[in-house]
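Each chain is listed here by its residues.
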Amino acid sequence: MASSKSRRPLMKLSIVGLLICVPLIFLMVRQQQPQTADRAAAAGAGKDCPEKCNCTVVMRKHSVKKNQVTCHGLSSIPDGIPVNTQVLILNGNSISKINDELKNLSKLEELSMVDNKLEKIGPGNLTGLSSLSRLYLTRNQLSNWPDLCDDVGSSLTHLGIDENLLTGSAAPDSYAKCRKLESLVLTKNTFPQLSNATLAALGAAGSLKSVKLNSVKMTALDPTALLPLADHLTSLDLSQNPDLPVEQVAAAFSAARFSNQFLGLTLKSTGWTELPDGFLPSGNFPSLDILHLDGSQKLSSIQPNALAGGSSLTRLFLNQCPLTSLDAQLANLRKLTDINLSGTRLSKWTPDTFGQPTLRRLYLSNAGVTTIGGLDGVSENPLPGLASLADGGLQLAGNPLVCNCSLLWLSKQLGSDAIRKKFYKLDQVTCRDQASGKSIKLTDCKPADCNSTTTTTATTTSTATTQSPTENPAIPGKAKLAAWVLPVAISAGVLLLAALMAGSVLLARRCSIRRQQQQFGDGEQRRSLVPGDEDDQQLLQVEESPFAFRGPVGLTGSSHWEKDINQSIRCACTTLFIIWLLMLTGTHFSRNGT
């Protein structure tokens, strides 16, 4: 019987092992099957792959697997491309024309022929590509629009023909058949004049959402040029056309009323010196979200009503523009969350400039800012929403700040950890000490000898913007007392609880000893048969010491009960001691401000 009992634990362990291992083996097999299938597919594809090509299964966007073929060192499109190819990459070859090599690739979704020598794509060149949605033809030698909508118009969504030799001719009428085309990239072609007819066919298709006409040497924009696209565009890029007059752009914006889905306008690196009133007409941009004017290195002035139509703007980029002041220009932009003025010449501003209640990020690095406060010696707060900025949302590095009384309000607010977190890399923000002329950290700026008006204004501003209900600088003694009393009181409570627990357990032990002594006799040893074999008889023993008491082993099971009690006491006492130690440590760090 003893041997059978000794085998029982082994049998139990075996059963548990099987229950754990079988599901794991099943999962491993399930995971291995797709990998094996992928390798088989890749091996099969590689077996039929044309010379100088690599046929693989790759992971694309959203973890979707695609059959991809990549070829190099070719002067023409090879024959024998697998019919299940979904992505074909022919970049960096010397291919000058497309014949009928692609006609059997009905599953092809993406074709990239960047950096080749294509001079023309005409009707029939893309016949059979019924699934083609993305076509990249960057840096070829195309002098005319690719005539392809008769072949792939029912599926094409993105067309990139940037950096070719297009010279401003209108898109062919066949582009009206590209009824799924959403994105068109014409960057670095030559479109000296954009007229209503240039994109009329694309407007007729009714699906185009994004157009990039940056760096196209545009010098003239017809007032009606954007009318065909205004109903369905979501973004427009006219950047890096320095010779395009701002008046013509403003006229085109006045003539076209964009839909609620138009969100992004990009006008980077223009040659403009000023944005005139009415540049963004009220009502013509009902949902405009992002405006890029950055990099316009001559733009030094924005008229008060220039951005009146941008009331829905949330992000405004004016970085690297030589602006010297901004006051009423941003007053109506009450939804702004991000303003980038890095690299400008904005030496000062008023409290209304950045008074947007939604403002979360303000970038002012390298902006020539000498003070963030009043210039008349009276310290005022030009950032009423400082406490509402996102953590790290204020960038001030690289400015020639001067530590004087105009920064008194900020010096006081920097005493709050919550305000310090609003600065991006605060330790890198420096200022010049007015007294010594030395460069010091902004956090070390402590203006002295400021008049009473300055002190009163700064204190009022600091209290209004940053003080929380639990902060009261007028009673530092009570704050210190509270910082000590609470931890000490809790520590005393923890120790008292531990003493009560230990006393209760000790009393329970002594009562248990007395009951055992009454039942078995003091110090007496007896033998008693436990149900089962005679070999299983156990010795019953009562001991006097409450901390060495083991009880009547085998009869009442109290030995296990006593061991559990011992272990529980140790765990409880250890836990209470650790809690007490952590509380004292936390009190020390909070008191020292770390």
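Coordinates for the structure precede this section.
None of these values were measured; they are calculated from a predicted model.

### Structural notes on helix 4 (residues 246-255)
Note that an α-helix has 3.6 residues per turn; residues three or four places apart therefore point the same way.
Here's step 1: Restricting attention to buried positions, one finds in helix 4 the residues V246, V249, A250, A252 and F253. Looking straight down helix 4, one finds its buried side chains confined to an arc of 160°; they lie on one side.
Here's step 2: Buried residues belonging to helix 4 abut strand 10 (220-221), strand 12 (264-266) and strand 13 (274-275).

### Section: the nonpolar core
Here's step 1: Counting residues in each nonpolar core, the largest one holds 118 residues, and the members touching the most others are W145 and F279.
Here's step 2: Only strand 1 (53-59), strand 2 (65-71), helix 2 (149-152), helix 3 (200-205), helix 4, strand 20 (401-403) and helix 5 (408-413) provide two or more residues apiece to this core.
Here's step 3: At five residues, helix 4 tops the list of elements feeding residues into this core.
Here's step 4: Filtering out sequence-adjacent residues up to four positions away, W145 remains in contact with I161, L166, S169, A170, A171, P172, Y175, L184, L186, F191, L199 and L202.

### Structural notes on the pattern of salt bridges
Here's step 1: Evaluation of the coordinates by the stated rule reveals nine salt bridges.
Here's step 2: Where E110 meets R60, a salt bridge forms, and the shortest distance between an N and an O atom there is 3.0 Å. One end of the pair, E110, is in strand 4 (residues 110-112); the other, R60, is in the loop between strand 1 and strand 2, and 50 residues separate them in sequence.
Here's step 3: On the basis of relative accessible area, E110 is assigned to the buried category, the value being 15%.
Here's step 4: Classification of R60 by relative accessible area gives partly exposed; the value is 28%.
Here's step 5: Residue K177 pairs with D150 through a salt bridge whose shortest N-O separation is 2.7 Å. Pair noted here: K177 is in the loop between strand 6 (158-160) and strand 7 (183-185) and D150 is in helix 2, with a separation of 27 residues, a long-range link.
Here's step 6: On the basis of relative accessible area, D150 is assigned to the partly exposed category, the value being 44%.

Rules behind the numbers
Residues numbered from 1 in each chain as written. Predicted model: local features only at pLDDT ≥ 70, side-chain atom pairs only at ≥ 80, totals over all residues. Heavy atoms only, no water. Buried < 20%, exposed > 50% of the residue type's maximum accessible area, 1.4 Å probe, protein only. Helix = DSSP H or I, 4+ residues; strand = E, 2+ residues; numbered from the N terminus. Arc of directions from axis to C-beta. Contact = heavy atoms within 4.5 Å. Core = buried A, V, L, I, M, F, W, Y, C linked by side-chain atoms within 4.5 Å. Salt bridge = Lys/Arg side-chain N within 4 Å of Asp/Glu carboxyl O.

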